[in-house]
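Examination of the molecular architecture
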Amino acid sequence: MESVVEILLYWFLRITGIVVFLWLVFRRKTRYEGAATAVLFCSMEISWILLKAASTVWADSVLAMAGFDVAAAGIFLLLLCVAVDEHPGLLTFVFLMFVNVGNLATALARFFGQIFFPEHSGSYDLSASLTLLPVIVFLILLFYMIMHQRLSALGRTETVRNAWSYLWIIPAIFLFFWMHGYFQNSRSILEMKETNYYILVYLLLIGSSSWFNFWLVCRMAIELQENIRLREENRSLTLQKMEENMLSQRISEARRTQHDLRHHVTAMEDYVERGDTQALRDYLSTLKNTRYFVEPMRYCENAAANAVIGYFAQQALEGGVEFTASVSLPENIAVTDSDLSVLLGNLLENAVEATARQKEGEKRISVKGGLQSNGLFAFTVDNTCAEPPRQTASGELRSSKHSGLGIGTASIRDIASRYGGIVHLNYSEGLFEASVLLYL
């Protein structure tokens, strides 16, 4: 019978690598600094070690072992959520992923233990720890080299944050199949004197397959985020091109005005020579109301926002939509021109497209907001809408152009999250309201 010290040593080696790896992945996302974070991570490890050791010593059935494991996982996850400022689903996913990696280490250590220490095949004694140590170090280092950049990037994949609410089910399923093969006849495979190598190979396959699936999920999540980023950059370039086009139009209008001015001067000189002052007054009155004397609309002091609002205002007016804007936004704010252009561009583009789909009834778009005195950036776009927008069960808007989710709305949420803000979308009685609040 192994001593308590040997059991504690075994679980210390089994768990320490995982806890250290979790800290490396989330060290830049911790809620606290210094001693508080250290205490939380140490508490995670100690509670897990003690409960696993207690399970090894006192649990006499599969049900009892499962109870200890659930308690250990629950306490660990709770402390991890307190220590790390991340989506609970993402933390659960990564935690279960590391549990499965640790299980793979257990199976490999058992396999090599049968080769190098056959006389100690069913124990947690020193030979088991000596076998586990190089295996767990090798797997953690290998896992770090292959996965750490992807795992570190998972917290930046804001667009797929809601997906973590159910993606954690994938490692949970692998863990279930692992536990099904791990426990045989109310005992774990580690505690059997005669190891069933078929079961051991099964466990190795489960562990290896789970690793591949983790890598695949991480890759898909990061590639999705990269696609969103590229779409945002493309949107920003499109808006910059739009501003250049508007400037080019104004230059062309100025040239036409200069050309036409000669004709207007000639006409007025003719009225003067004939002494027809009434005709001259009528001509001047008509000329006053032409585009030559109409000042271009200026919605706010911020050049990027003004260009975007002006562009979509023109599109709305050309489509017969009543467009009103009340915006107070200074030239310099703590939002990049790129983010501001993409944010406002998506909001206004969605509104213009929604009103364009209306076949009848009043069409209008109302824009309000700007920078508040307390540093908050608040912006609301209201537009008439013929029918409620399509939504998923979780409230995500579906695209009107294809069968997937709306990319524009996803970009709005992504930008808002980068500034610690929120997005509120609401439809009521033929009016759709999109509001964004950023904390600057």
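Data block above holds the structure.
Residues numbered from 1 in each chain as written. Predicted model: local features only at pLDDT ≥ 70, side-chain atom pairs only at ≥ 80, totals over all residues. Heavy atoms only, no water.

Turning our eyes to something else, we now look at the overall build of the protein chain. Across its full length, the protein chain carries 12 helices and seven strands. Here the protein chain, with 440 residues, has 44% of them falling under the buried criterion. Only carbon and sulfur atoms are counted for the fraction: they give 60% of the accessible area of the protein chain, which is about 23600 Å². (Helix = DSSP H or I, 4+ residues; strand = E, 2+ residues; numbered from the N terminus. Buried < 20%, exposed > 50% of the residue type's maximum accessible area, 1.4 Å probe, protein only. Areas by Shrake-Rupley, 256 points an atom, 1.4 Å probe, with all protein chains shown as cover.)

Attention shifts here to the packing of aromatic side chains. Counted under the stated rule, the structure contains seven aromatic pairs. The interplanar angle of 25° and the centroid separation of 5.0 Å between the aromatic rings of phenylalanine 76 and phenylalanine 95 together place this pair among those described as stacked. Taken as a pair, phenylalanine 76 in helix 3 (residues 62–83) and phenylalanine 95 in helix 4 (residues 88–116) lie far apart in primary sequence, 19 residues in all. When its relative accessible area of 0% is taken as the criterion, phenylalanine 76 is described as buried. One aromatic cluster is present, built from ring pairs that chain together Trp48, Phe76 and Phe95. (Phe/Tyr/Trp six-rings, centres within 6.5 Å; stacked < 30°, edge-to-face > 60°.)

By the secondary structure assignment, leucine 141 is in helix 5 (residues 126–154). The sequence separation of leucine 141 and glycine 17 amounts to 124 residues, and the corresponding C-alpha distance is 9.5 Å.

Let us now look at the side chain of threonine 37. By secondary structure assignment, the location of threonine 37 is in helix 2 (residues 35–58). Residue threonine 37 is classed as buried on the basis of its relative accessible area of 6%. Residues within four places of threonine 37 in sequence aside, it is in contact with Trp23, Thr30 and Tyr32. (Contact = heavy atoms within 4.5 Å.)

Trp11, Leu22, Trp48, Phe76, Phe93, Val94 and Phe98 are the most contacted members of the largest nonpolar core, which has 57 residues in total. Counting only elements with at least two residues in this core, the list comes to helix 1 (4–26), helix 2, helix 3, helix 4, helix 5, helix 6 (164–167) and helix 8 (197–274). It is helix 4 that contributes the most residues to this core, 14 residues altogether. Of all hydrophobic cores here, the second largest spans 38 residues; its members include Ile309, Leu343, Ala416 and Val436. (Core = buried A, V, L, I, M, F, W, Y, C linked by side-chain atoms within 4.5 Å.)

Here helix 1 spans 32 Å end to end across 23 residues, near enough to the 33 Å set by a 1.5 Å rise per residue. Considering bend angle alone, the principal kink of helix 1 is centred on isoleucine 15 and spans about 30°. (Expected span 1.5 Å × (residues − 1). Bend = angle between axes of the 7 residues up to and from the residue.)

Time to look at the sheet that holds strand 4 (residues 364–371). One open sheet accounts for five strands, arranged 3-4-5-7-6; its pairing is mixed. The open sheet has two edge strands, strand 3 (322–328) and strand 6 (422–428), and neither has a second partner. Sheet twist, expressed as the mean angle between neighbouring strand axes with direction ignored, is 5°. In this structure, strand 4 lies alongside strand 5 (residues 376–384), joined through seven bridges in antiparallel fashion. Looking at the pairing, leucine 371 lines up with phenylalanine 377 of strand 5. Across the sheet, helix 10 (residues 303–318) lies against strand 3, strand 4 and strand 5, angled at about 165° from strand 3, the strand it touches most. (Pairing = 2+ DSSP bridges. Axes fitted to C-alpha atoms, helices over the stretch in contact; angles between N-to-C directions.)

Turning our attention to helix 11 (residues 337–356). With 20 residues, helix 11 extends 27 Å between its outermost C-alpha atoms, agreeing within 8% with the 28 Å of an ideal straight helix rising 1.5 Å per residue. When you tally the buried positions in helix 11, you get 14 out of 20 residues, the bulk of the element. A distance of 3.1 Å separates the backbone nitrogen of aspartate 339 from a side-chain oxygen at the start of helix 11, and that oxygen is part of threonine 336. (Polar contact = N/O pair within 3.5 Å; in protein donor to acceptor, adjacent residues only side chain to side chain.)

Here valine 342 lies in helix 11. In this structure the C-alpha to C-alpha distance between valine 342 and asparagine 234, which are 108 residues apart in sequence, comes to 9.4 Å.

The interhelical angle for the contact between helix 1 and helix 4, taken along N-to-C directions, is 145°, at an axis separation of 10 Å. By crossing handedness, the relation of helix 1 to helix 4 is classed as right-handed. Facing helix 1, whose interface residues are Tyr10, Arg14, Ile18, Phe21, Leu22, Val25 and Phe26, helix 4 presents Leu91, Val94, Phe98, Val99, Gly102, Asn103 and Thr106. (Left-handed = near helix turned anticlockwise from the far one by under 90°.)

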